[in-house]
Amino acid sequence: MERRTVGGYLTIYAAMSLTVMISLCLTLIEGARRNTIRLEAECMMDTALSSVMAEYHKEMFNQYNLFYIDSSYGSDHPSYYNTEARLRYYLEQNMKRKGVPYMNFLFKDIVAMEAENVWLKEVALATDMDGHLFRKRAAEAVWNDSGMETLEQVTGWVKTIQDNGLMERDMEAEKQAVDAQLASYNGQKVELTENEWFVVEITNPTEHINRMRARGVLSWVLEDGAVLSGQRVDLSQYISARRRRGKMNRGNKNGSITLSAVEEALFREYMLRYGGYYGNPKDGSLLQYQVEYVIAGKNKDVDNLRNVALTISGIREVANVIYLNNCKEKSDAADTLAKILAYAVFTPEAQPFFKSTLILGWGYLESLYDTKVLLAGGKVPLMKEDEDWHYNLDSFLSVDRVQIDENTGRGMSYADYLRVLLYLENPEKSAYRFMDLMEMDIRLTPGNEAFRMDACMEAVGAEATINSRYGYTYYIDRKKEYH
């Protein structure tokens, strides 16, 4: 029998090759595990932070078309820790393998991840940066709905007011000074003949206008039977007052924001669109005249309306006096009557003062008429022409009440005048006053009794430490904001 000898080359080669291949496969598997853990950690962090941002305040969105996270989550205690807890919750939920049948029995968790540390390292609140953040978000909310034509109109109106000084002159003080000059002639003796003297006694032809002014503008500009809101609030519990007291929460996001001229104009349009005002109240609001509150800042509706009506009346008064002085027909009529009155009391030198008091009184009465038209839903141009004028000289001297025509006129509406007044207000002050209104109204809704604007987050930067039982640790840093 022949004996054969078999070599062992293939066996040794196969063993060595298998060892290398197994090592390579294990290395690839471990690399895949490491990369999977990193990728899943990043995806889980993105998903968790997106889930936190998805918990925006529903009432804020419904009423004001803005997205914010309420860090109080309906409680009395707003805190960053509440939002951190929500972020951790979503991270941990994404790491669980529950819900898949036989997952633990059939498959091994190749990532075995858990969240160790989760914290918010950067937060921007709606009230930060002196209200710039809120104003920018408000402008974005109406960016696509406000035409440039409206913005150009408002800019033109504001320029007309500034160029003509319609908010700079104190017409009441001017009237008082002119009336004092007229009164100074009383008691003077005028020699008629050598033995005959006349004691000057002047009756101011616009005294009834002075009495009307003393009663206040609201007495004359409201429609008969108009019912005013008697609502009043305690302003000390809202954001403007907390800010003044240094009790306002603040975020820690660095940087600054500068708004463009268009954004500033859009912010004013936002307040007019989402706030109520006289003749157009907002449903479910605490204060009925909200835009008037932004302008005047009083704690009572009637006081805010009175302040705005007085301001509009003042603008109209200056514009009307400018018109009367520039209108030759009306200026000549006043001059003629002034000459008659001055010569009737033998004081021709008083003619300029008679004319001035007539012009000022005439302009004031016309301003009451204008303001009443606006509050009744009509329109009045900023600078009048002959066709827009209402009172003639005779009717002005005998009027004892203000009645408006059915014709609503042309020009600017009450809302347009509010637009102009909002534009002329300090935007920072306006922003916090509007946030007062937001707190007032949202607190009226269920579950939001302790709502605060300085608890509302608009941007969040978070960091998490995610560990794996396989020895890997990843630090994930993410930022998200509403825009």
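Whatever comes next refers back to the structure up there.
In this text, all values refer to a predicted model and were calculated from it rather than measured experimentally.

## Re the overall build of the chain
Logical step 1: Each helix and strand in the chain was counted, giving 18 helices and six strands.
Logical step 2: In terms of C-alpha radius of gyration, the chain reaches 37 Å, well past the compact-globule figure of 23 Å for 483 residues.
Logical step 3: Its C-alpha atoms give the chain principal-axis dimensions of roughly 180 × 40 × 40 Å.
Logical step 4: Here the chain holds 483 residues, and the buried ones make up 46% of them.

## Some points on the pairing of strand 6 (residues 473-481)
Logical step 1: Relative to strand 6, strand 5 (residues 456-468) runs antiparallel, the two being bridged by nine bridges. Considered in strand 6, the bridge of Ile466 is made with Tyr474.
Logical step 2: Here strand 5 hands over to strand 6 after four residues, with Gly471 in that stretch at a positive phi of 100°.

## Here we look at the nonpolar core
Logical step 1: Membership of the largest hydrophobic core comes to 106 residues, with the highest contact counts inside it found for Met60, Phe134, Tyr270, Tyr414 and Phe434.
Logical step 2: It is helix 15 (residues 351-375) that provides the largest number of residues to this core, a total of twelve residues.
Logical step 3: Not counting chain neighbours up to four residues away, the residues in contact with Phe134 comprise Leu66, Tyr68, Ala126, Phe267, Tyr270, Ala431, Phe434, Met435 and Met438.
Logical step 4: By size, the runner-up hydrophobic cluster in this structure holds 29 residues, among which are Ala41, Val52, Leu125 and Ala464.

## A short note on the pairing of strand 5
Logical step 1: The buried fraction of strand 5 is high, at 13 of 13 residues.
Logical step 2: Here strand 1 (residues 69-70) pairs with strand 5 via two bridges, running antiparallel. For Asp70, the partnering residue across the bridge sits in strand 5 and is Cys456.
Logical step 3: As paired strands, strand 2 (residues 113-125) and strand 5 are joined by eleven bridges and run antiparallel to one another. Counted as the bridge partner of Met113 is Ser468 from strand 5.

## What to know about the packing of aromatic side chains
One pair of aromatic rings is described through two measures. These are the centre distance and the angle between the planes.
Logical step 1: Summed over the entire model, instances satisfying the criterion amount to 18 aromatic pairs.
Logical step 2: Geometrically, the ring pair formed by Tyr89 and Tyr90 is edge-to-face, given 5.3 Å between the ring centres and 65° between the ring planes.
Logical step 3: Judged by relative accessible area, which is 38%, Tyr89 ranks as partly exposed.
Logical step 4: Judged by relative accessible area, which is 18%, Tyr90 ranks as buried.
Logical step 5: Geometrically, the ring pair formed by Phe134 and Phe267 is edge-to-face, given 6.1 Å between the ring centres and 85° between the ring planes. Taken together, the positions of Phe134 in helix 5 (residues 132-141) and Phe267 in helix 11 (residues 261-274) put the pair 133 residues apart, joining distant regions of the chain.
Logical step 6: The class for Phe134 is buried, based on a relative accessible area of 0%.
Logical step 7: Of the residues examined, Phe267 reaches a relative accessible area of 0% and is grouped as buried.
Logical step 8: An aromatic cluster is built from Tyr64, Phe134, Phe267, Tyr270, Tyr274 and Phe434, whose rings are joined through pairwise contacts.
Logical step 9: Sitting over the ring of Tyr364, Arg213 keeps its end group 4.0 Å from the ring centre.
Logical step 10: Note that Arg268 overlies the ring of Tyr423, its terminal NZ or CZ placed 5.2 Å from the centroid.

## Focus: the pattern of salt bridges
Logical step 1: Across all of its chains, the model carries 37 salt bridges by this definition.
Logical step 2: Between Glu439 and Arg242 there is a salt bridge, with its nearest N and O atoms 2.8 Å apart. Placement of the pair is Glu439 in helix 18 (residues 427-442) and Arg242 in helix 10 (residues 239-245), with a sequence separation of 197 residues. This pair shows no difference in class: Glu439 is buried, exactly as Arg242 is.
Logical step 3: Where Glu387 meets Arg410, a salt bridge forms, and the shortest distance between an N and an O atom there is 3.7 Å. With Glu387 in the loop between helix 15 and helix 16 (393-398) and Arg410 in the loop between helix 16 and helix 17 (414-424), this residue pair connects regions lying 23 residues apart in the sequence.
Logical step 4: Judged by relative accessible area, Glu387 falls into the exposed class, the value being 62%.
Logical step 5: Through salt bridges with shared partners, one network takes in Arg137, Glu140, Lys253, Glu458 and Glu481.

Definitions and limits used
Residues numbered from 1 in each chain as written. Predicted model: local features only at pLDDT ≥ 70, side-chain atom pairs only at ≥ 80, totals over all residues. Heavy atoms only, no water. Helix = DSSP H or I, 4+ residues; strand = E, 2+ residues; numbered from the N terminus. Rg over C-alpha atoms; globule rule 2.2 N^0.38 Å. Buried < 20%, exposed > 50% of the residue type's maximum accessible area, 1.4 Å probe, protein only. Pairing = 2+ DSSP bridges. Core = buried A, V, L, I, M, F, W, Y, C linked by side-chain atoms within 4.5 Å. Contact = heavy atoms within 4.5 Å. Phe/Tyr/Trp six-rings, centres within 6.5 Å; stacked < 30°, edge-to-face > 60°. Lys NZ or Arg CZ within 6 Å of the ring centre and 35° of its normal. Salt bridge = Lys/Arg side-chain N within 4 Å of Asp/Glu carboxyl O.

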